[in-house]
Amino acid sequence: MWKQVLIESWSGGKPVPHAIRPLVRNLGLPESPPSDPFARAKLLALLTDMTPEEIAEASGHDDPFAVIGVVNSIPNTAHQIIAAHRKGYTPREMERELGITRTLTYYWLRQVGLKPHRRNRSELTAREVDDILRSWRAGEPVTQIAKRTGASYDQVRYVVMKAQEQVIAR
């Protein structure tokens, strides 16, 4: 049902009707279709389970075989990236699990307008901050402190920078 409504609206280049907008947003599709029929086809191929024939119809292109050719030319890796993204994987996790580069992951996510998932590290405890500062004052490089403590490089730099600001402020 929703596929037919989507096909009818996108093939005419019209925005999606209100009734199916939540579903379309949930799939990651824009409410208004891209102006390029091949861009429409790529989005539908990567973000829905529509058949190539349904995608050709929804793209609104004059030559359905050209659209089907574009759909079939999308590499399997792209489908794996989108599926892993839907499961909540970060680009780093996809790199490790799927054996693909992060650059390729970012490329395909950008192609369909999705933002990569991020995992932020937890805040440092007072004990961890003290350990970082003690190590830094002893002359240990920031990269080694980060590796040893499990904090990120940026977290260690931030702690050191704040400590330096406090010294200057006195």
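Residues numbered from 1 in each chain as written. Predicted model: local features only at pLDDT ≥ 70, side-chain atom pairs only at ≥ 80, totals over all residues. Heavy atoms only, no water.

*Asks:* What is the right way to read the overall build of the protein chain from this model?
*Replies:* Broken down by element type, the protein chain carries 11 helices and 0 strands. For 170 residues, the compact-globule formula gives about 15 Å, and the C-alpha radius of gyration of the protein chain, at 24 Å, lies well above that figure. Projected onto its principal axes, the C-alpha positions of the protein chain cover 70 × 35 × 25 Å. The buried share of the protein chain, taken over its 170 residues, is 34%. In the protein chain, the proportion of contacts linking residues at least 24 apart, taken out of those at least 6 apart, comes to 48%. Total accessible area on the protein chain is roughly 10700 Å²; 51% of this is exposed by carbon and sulfur atoms. Of the charged side chains in the protein chain, 24 are positive and 19 negative; the average position of the first set lies 8 Å away from that of the second. (Helix = DSSP H or I, 4+ residues; strand = E, 2+ residues; numbered from the N terminus. Rg over C-alpha atoms; globule rule 2.2 N^0.38 Å. Buried < 20%, exposed > 50% of the residue type's maximum accessible area, 1.4 Å probe, protein only. Contact = heavy atoms within 4.5 Å. Areas by Shrake-Rupley, 256 points an atom, 1.4 Å probe, with all protein chains shown as cover. Lys, Arg positive; Asp, Glu negative; His and termini not counted. Charge placed at Lys NZ, Arg CZ, Asp CG, Glu CD.)

*Asks:* How should I be thinking about the packing of aromatic side chains in this particular structure?
*Replies:* Each pair of aromatic rings is reported with the distance of its centres and the angle of its planes. Here the structure, examined in full by the defined rule, presents 1 aromatic pair. Relative to Trp-108, the ring of Tyr-107 has its centre 5.1 Å away and its plane inclined at 85°; by these criteria the two rings are edge-to-face. Residue Tyr-107 is classed as partly exposed on the basis of its relative accessible area, which comes to 33%. (Phe/Tyr/Trp six-rings, centres within 6.5 Å; stacked < 30°, edge-to-face > 60°.)

*Asks:* Even after reading the chapter, I still don't get the side chain of Gln-155, so can you show me in this structure?
*Replies:* Tracing the chain through its elements places Gln-155 in helix 11 (residues 153-169). Residue classification places Gln-155 among the buried residues on the basis of a relative accessible area of 17%. Excluding residues that lie within four positions of it along the chain, Gln-155 makes contacts with Arg-121, Ser-122 and Leu-124.

*Asks:* Just to check I follow, could you spell out the side chain of Ser-59 for this structure?
*Replies:* Following the sequence through the fold, Ser-59 ends up in helix 4 (residues 52-59). Take Ser-59: its relative accessible area is 1%, and that puts it in the buried class. A polar contact is formed between the side chain of Ser-59 and the backbone oxygen of Ala-56, at a distance of 2.9 Å. Beyond its immediate sequence surroundings of up to four residues, Ser-59 is in contact with Pro-37, Arg-40, Ala-41 and Val-67. (Polar contact = N/O pair within 3.5 Å; in protein donor to acceptor, adjacent residues only side chain to side chain.)

*Asks:* Honestly, the packing of helix 6 (residues 76-86) against helix 8 (residues 102-111) in this entry has me stumped. Any pointers?
*Replies:* When two helices pack together, their arrangement is captured by the angle between the axes and the distance separating the axes. Interaxial distance between helix 6 and helix 8 falls to 10 Å at its minimum, and their mutual angle equals 80°. If you check the angle between helix 6 and helix 8, you find them roughly perpendicular. In contact with Thr-77, Ala-78, Ile-81, Ile-82 and His-85 of helix 6, helix 8 contributes Leu-104, Thr-105, Trp-108 and Leu-109. When grouped by side-chain class, the residues that make up the contact of helix 6 with helix 8 number 6 nonpolar, 3 polar and no charged. (Axes fitted to C-alpha atoms, helices over the stretch in contact; angles between N-to-C directions. Parallel < 35°, antiparallel > 145°, perpendicular 65-115°, else oblique. Nonpolar A, V, L, I, M, F, W, Y, C, P; charged D, E, K, R; others polar.)

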